[in-house]
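Chain by chain, the residues run as shown.
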Amino acid sequence: MDLKVMWATMKKEFQIRLRAYPIDFMVGCILTSFYTTLGAYLMYHYFFRQNLASDFADLTGTSDYMSYAIVGSLLYLFVVRTCLNVSRRLITELREGTLESLMLAPFKRTSYFVGNMLLQTVMTFLETAIATVIGLFFGLRIHDFCLWKFVIATILSLYGFFGLSLILGCVMIYARDTYISQNTLFAAIFLVCGITFPKEYLPYSLQFLGNIIPVTDGLTLMRAAILGGMPSDRFCIIALRFFVLGSVYVISGLPLMKRLEIIALEKMEG
Amino acid sequence: MKYFIKVVLAESYKQHRNYFNNKMIYVSLFLWPLLSFLASYYSYKAFDLEESAISYINSGNILVFLLIGYMAMSFFRSVVQSAWRFSSERQSGTLEYIYLSPASRLAVLMGNALSSVFESSVVMLVFGILMIFYNRESLHANVVGLVVVMPIYVIMALLWGVFINACFLYSRDTDFLFTILEEPMEIFSGVKVPVMIFPGWAKLLSCIFPLTYALEALRQVTLNNSDLGTIKITVLISILIIVVLLAATLITIHIVEKHVRKTGNIILF
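Because the structure is predicted, anything quoted here is derived from the model rather than measured.

This part takes up the overall build of chain A. Across its full length, chain A holds 11 helices and 0 strands. Taken from the N to the C terminus, the helices and strands of chain A come in the order α-α-α-α-α-α-α-α-α-α-α. Taken over the C-alpha trace, chain A has a radius of gyration of 19 Å; the compact-globule value for 270 residues is 18 Å, and the two agree within 12%. Viewed in the frame of its principal axes, chain A has a C-alpha envelope of about 60 × 35 × 35 Å. Buried positions account for 43% of the 270 residues belonging to chain A. Excluding contacts between residues fewer than 6 apart, the proportion of contacts in chain A whose partners are at least 24 apart in sequence is 83%.

Right, here's the structure in full:
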C-alpha cells in the first residue's frame, strides 16, 4: 500500500466534497435514517403498544426493540454512504471527465480506494453521530457496551463494506449505471440483512442471500457489542466468518476492478 | 374537448416512447416497491399481531393491509417520478416547443400524469391483485363502497400528478420535493402504520398527503366492510382535495405562463 497516494486521494476528495457538492446529500441520508427510526417508533409504541412477538428476544438476545432497530438503521446509513462513495468513485471520475488523467498517473489502486474509504468513514462518523443523537431521543439505550467487541465490529464492518463497495463499483462500471444498481442493492440490504427485524423471519432463500452480503454479520457483531446478549466465543466465530466473507469480496473485487477499468476506458467515448 | 383529449393522448404516447423503451425501468417501478413491501411485511413479524391497537387488523389480514398500502402508494409515487423526469424536459428544451404550440397546458400535464400513473403502477397493481386474490378469505369488503371509492382515488392520484408536474414547471430546483414527498409520504400517510394510531403531531402532518385519505377509505371498504355512510367524511374530503388540486394546478399554470413571458426563457429560469 502506498501511503502517499492514499493521503493525496483523501486530500483531493475532501476538497471536491467541500467545493463541488452541497451538504444536502448528507442531510438526505440522515433523514432516511430518521424516517426508519420514526417508523419503528410508531410501530412499537403506538401500533402494537410494546407487545413484541414471543420469539423476538430469543432470536435477538435483547427485548429492547427500539435500540435494536436504531442500531440497524445507523449501520444501514453507514453502508449506504460508504457504498455510494467508494463504488461510485470511478464512474464519477468518468462522468466528471477526470478518469483519463487519473489513469495516466502511476498509482496503486488499493491505496486509491482505501483513501476514498477512509475519508468517507471520517465523514460518515460525523453523520452517524448526528443520527445517534436523534436515535437517543427515540429510545436508543446502550445496555452492555464492550469496548473490544465494538472495536472488532467496527474494523471488520469497514472491511466488509469496503469489499461490498468494490463489487458494487464493478457492477456500476460494467453496466455504466449507478441509479438502478445502487438503489436495488440498498433495497435488498434493507430487506435481507436484518436492519429492523431479525433475518430469521425471512424465508430460507432470502436468509441465504442475507448471509452472503457482508452487512448481516457486521450488524450482528455491532449489536452484540452495544446491546449485549451474545457470549464471547459465539462473537469470535461470527467475527471470523465475517472476516472470511469480507476477504472474498476484497480479494475478488480488486483484480476485477482493474479488469473493468480497461473496459471503462475503452467505452469512455460512447 | 376533442382537441383536449387528442393532446392528452399524444403526450401520454410521447412519454411512453420516451421512458419505456428500456426494460430496466421495471426494476425501479416494481422491484423496489416489492422489496420495500416485503421489508415492511417481515418487520411486522417482530410484533405480537393479535395485540394491535386497531381492531380490524390481525395476523390474517396484515398482508392485505400492507399490500393495499403499497399498491396505492405506487400510484402516488409514480407521479412524483414522472414529474422529476418532466423537469429534464425543461432543461433539454423540449418544453419550450410545447409552450410554443397551441396545445392546452393542462392537457399536456394530464397526459404526462396519465401515462405515468397507469403504466408505472400496472405491474405493482397486477401483483397486488393476484396476492389479494390468493389471500381473499382475509377480505371483508363492501362492494358498493369499493366501486364508488376506486374511481375517486384514481382521479385523485392523477390530479396529484398533474399538480406536481405544474410545480416543476415553475421552478428548476425541485429536488426538495423528493425529500419531502418520497419517504415522508410512506410514513405519514399510513402506508406501513395506520394513521389512526398516530400521536397528534403526526396526524396533523398526515393531513397534507392526499394518499392518507385514499388509504383510509380503501382499507375501510376492503377490510372492515364499511359502507359509504361510515366513510362519507373521508370521501367528501377527497372530493374537496380533487377540486383544490385542480384549482391549484390551473393557478400554477397561469403563474408559470406569466413568469415565462417575463423571463423569456424556460430552459434557464
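All right, on to the overall build of chain B then. Across its full length, chain B holds 11 helices and 0 strands. Listing the helices and strands of chain B from first to last along the sequence gives α-α-α-α-α-α-α-α-α-α-α. For 269 residues, the compact-globule formula gives about 18 Å, and the C-alpha radius of gyration of chain B, at 19 Å, lands near that figure. By residue count, 42% of the 269 residues in chain B fall in the buried class. Restricting the contact set of chain B to residue pairs at least 6 apart, pairs at least 24 apart contribute 83%.

Moving on to the packing of helix α7 (residues 147–175) of chain A against helix α11 (residues 232–266) of chain A. All names here are of chain A. One way to put it is that α7 packs onto α11 with a least axis distance of 7 Å and a crossing angle of 30 degrees. Of the possible angle classes, the one that applies to α7 and α11 is roughly parallel. The two elements α7 and α11 cross, and the hand of that crossing is left-handed. Split by residue class, the contact of α7 with α11 holds 23 nonpolar, 5 polar and 1 charged.

Residue and element names in this part refer to chain B. Position of S82 among the secondary structure elements: in helix α3 (residues 62–92). Judged by the 23 C-beta atoms lying within 10 Å of it, S82 falls in the buried class. Along the chain, S82 and T212 lie 130 residues apart, while their C-alpha atoms are 21 Å from each other. Apart from residues no more than four positions distant in its own chain, S82 is found in contact with N112, A113, S116 and G161.

Turning our attention to the environment of A175 of chain A. Residue and element names in this part refer to chain A. Residue position: A175 is located in helix α7. Judged by the 12 C-beta atoms lying within 10 Å of it, A175 is exposed. For the pair A175 and F208, spaced 33 residues apart in sequence, the C-alpha to C-alpha distance is 25 Å.

Contacts between chain A and chain B engage 28 residues on the former and 27 residues on the latter. Considering each element in turn, the side of chain A that touches chain B owes the most residues, 10 residues, to helix α2 (residues 24–47) of chain A. Among the residues making up the side of chain A that touches chain B, the classes are represented as 20 nonpolar, 7 polar and 1 charged.

All names here are of chain A. Residues other than glycine seldom take positive phi values, yet R49 does so here, at roughly 45 degrees. A positive phi angle is found at Q50, which is not glycine, with a value near 65 degrees. You can see Q50 is positioned in the loop between α2 and α3 (56–60).

The pLDDT averaged across chain A works out to 87; a share of 97% of its residues lies at or above 70. Ranking the helices and strands of chain A by mean pLDDT puts helix α9 (residues 204–211) of chain A first, with 93, and α2 of chain A last, with 82.

Residue and element names in this part refer to chain B. Contact pair helix α6 (residues 143–170) / helix α10 (residues 210–223): the axes reach a minimum separation of 10 Å and the direction vectors enclose 165 degrees. The orientation of α6 with respect to α10, classified from their angle, is roughly antiparallel. The element α6 and its partner α10 pack so that their crossing is left-handed. For the pair formed by α6 and α10, the contact residues are G145, L146, V149, Y153, M156 and W160 on the first element and P210, A214, A217, L218, V221 and T222 on the second. For the contact of α6 with α10, the per-class residue count stands at 10 nonpolar, 2 polar and no charged.

Here we come to α7 of chain A. If you check α7 of chain A, its first and last C-alpha atoms are 41 Å apart, about what 29 residues at 1.5 Å a residue would give, namely 42 Å. A positive phi of about 50 degrees marks R176 of chain A, the residue just after α7 of chain A.

This part covers the confidence of the model for chain B. Residue and element names in this part refer to chain B. For chain B, the average pLDDT comes to 83, and 95% of its residues sit at 70 or higher. For chain B, the element scoring lowest by mean pLDDT is helix α7 (residues 175–181), at 68; helix α11 (residues 232–263) scores highest, at 89. Scored as a complex, the prediction yields pTM 0.86 and ipTM 0.87.

Turning next to the environment of V171 of chain A. Residue and element names in this part refer to chain A. Within the element layout of this structure, V171 appears in helix α7. Of the residues examined, V171 has 18 C-beta atoms within 10 Å and is grouped as partly exposed. Spatially, the C-alpha atoms of V171 and Q182 are 9.4 Å apart, while their sequence positions differ by 11 residues.

The rules we used
Residues numbered from 1 in each chain as written. Chains lettered and ligands numbered in written order. Predicted model: local features only at pLDDT ≥ 70, side-chain atom pairs only at ≥ 80, totals over all residues. Helix = DSSP H or I, 4+ residues; strand = E, 2+ residues; numbered from the N terminus. Rg over C-alpha atoms; globule rule 2.2 N^0.38 Å. Buried ≥ 20, exposed ≤ 12 C-beta atoms within 10 Å, placed from the backbone. Contact = placed C-beta atoms within 7 Å. Axes fitted to C-alpha atoms, helices over the stretch in contact; angles between N-to-C directions. Parallel < 35°, antiparallel > 145°, perpendicular 65-115°, else oblique. Left-handed = near helix turned anticlockwise from the far one by under 90°. Nonpolar A, V, L, I, M, F, W, Y, C, P; charged D, E, K, R; others polar. pLDDT = per-residue confidence, 0-100. Expected span 1.5 Å × (residues − 1).

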